[in-house]
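# Results of the structural survey
Residues per chain are reported as follows:
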Amino acid sequence: MKILVCSFSATGNTAKIAGAISERLARLGATVHGRDITAPGGRETPVSMDEYDAAVFGAPIHSMRAPRLVRDWLATLDGQGKKCAMFFTYGGFQIHPTHSTTAAILRDSGFVVVASADFPGKHTFNLGGWQAMTDRPGSMELDLAGEYAEAICKRFSGEDAAVVQELDPGPYSADQLDQFESFRHMMMSKHPTRDGQDCQMCMLCQEECPSGAMDAEKGVADAKACICCLRCVQICPDDALHINDMSDFFNKKMSMDNETPDTLKAKQGRLYL
């Protein structure tokens, strides 16, 4: 069985889970082909399901949905009626309707969605002063990823004929979700910039920017194109890029969602089978 594993991972959480799933699938006898769709090049190269028996798609949760550019890319695929599974990483706050909205896109693209999962991981905005899931994903999440791989392998092979059914649609309309997405930019009032600081001009920030927003020469991201994923900040070898201090927004978010350090710490991943 040949399985395609596609993952979008701006700061590394989703990549870790994708790696654990891929490793276990390989141990189970599958031939696994990984595709990193974080940088634009990973999404520009066409994907054909002709050579694959099934696929796995992984992404972070941004404002209760997969990132918009991931959603747009998934809509271009032709699933050819083949089975797929999904998984998501999140920084400790609201999850739904990510599973439901992404499954709808994949079904419209011709896939049969057999399972989904979510895994806690350090929040992207920790790079701006938040303190959410600072030590995740850890061994607990990686073990669960292995368990998930075993479950989806059985579903891909037909040993388990079930498919995922009910996925929480959440209480929000599409317009409301679009508004929530815009709040990311309101919190990040200062998009990634060097502020004139010198660097080695390795160009990684520009080459790896998922939306093509970063201009390495100018040392600043285009606020209109930036998706606030902070990949450029995470991968800069000189630590030259930074954003505004978002600590106050973290306290407000904790209060709005009725979360505490203890409730965040207690969160665990979940499999939807």
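This text gives an overview of the structure that appears in the document. Since the model is a prediction, treat every value here as computed from it, not as a measurement. Position numbers for residues start from 1 in each chain and track the written sequence from start to end. This being a predicted model, a pLDDT of at least 70 is required before a residue's local features are given, and a value of 80 or more before pairs of side-chain atoms are given or counted; all residues contribute to the totals for chains, interfaces and linings. Hydrogens and water are ignored here; the side-chain numbers use all heavy atoms of the structure.

### Thoughts on the packing of aromatic side chains
- Working definition: a ring pair exists when centres of Phe, Tyr or Trp rings (six-membered ring for Trp) sit within 6.5 Å. Plane angles under 30 degrees give stacked, over 60 give edge-to-face, the rest tilted. Summed over the entire model, instances satisfying the criterion amount to 8 aromatic pairs.
- Plain terms: the ring middles of Phe57 and Trp73 are 6.4 Å apart, the flat faces sit at 70° to each other, and that makes the pair edge-to-face. Linking Phe57 in strand E3 (residues 54-60) with Trp73 in helix H3 (residues 68-74), this pair joins segments that are 16 residues apart in sequence. Each member of the pair, Phe57 together with Trp73, is buried.
- Ring plane angle 45° and centroid distance 5.5 Å describe the contact between Trp130 and Phe250, whose orientation is recorded as tilted. With Trp130 in the loop between strand E5 (112-120) and helix H5 (139-157) and Phe250 in helix H9 (residues 247-256), this pair connects stretches of sequence that are 120 residues apart. Neither residue differs from the other here; Trp130 and Phe250 are each classed as buried.
- Ring-pair connections join several aromatic residues into one group, and the members of that group are Phe93, Phe125, Trp130 and Phe250. Put simply, DSSP H or I for four residues or longer makes a helix, DSSP E for two residues or longer makes a strand, and each gets a number counted from the N terminus. Relative accessibility under 20% of the residue-type maximum defines a buried residue, over 50% an exposed one, and the middle range a partly exposed one, all with a 1.4 Å probe and only protein chains included.

### Structural notes on the nonpolar core
- Nonpolar cores were defined as sets of buried Ala, Val, Leu, Ile, Met, Phe, Trp, Tyr and Cys residues, with membership established by side-chain atoms within 4.5 Å. In terms of nonpolar packing, the biggest core is built from 31 residues, with Phe57, Leu74, Leu106 and Phe111 touching the most fellow members.
- Contributions of two or more residues to this core are made by strand E1 (2-7), E3, H3, strand E4 (83-90) and helix H4 (98-108).
- Two residues form a contact once any of their heavy atoms are found within 4.5 Å. Residues in contact with Leu106, not counting those within four places in the same chain, are Phe57, Leu74, Cys84, Met86, Phe111 and Val113.
- Among the nonpolar cores identified, the runner-up in size contains 25 residues, and Ala213, Val233, Ala240 and Met246 belong to it.

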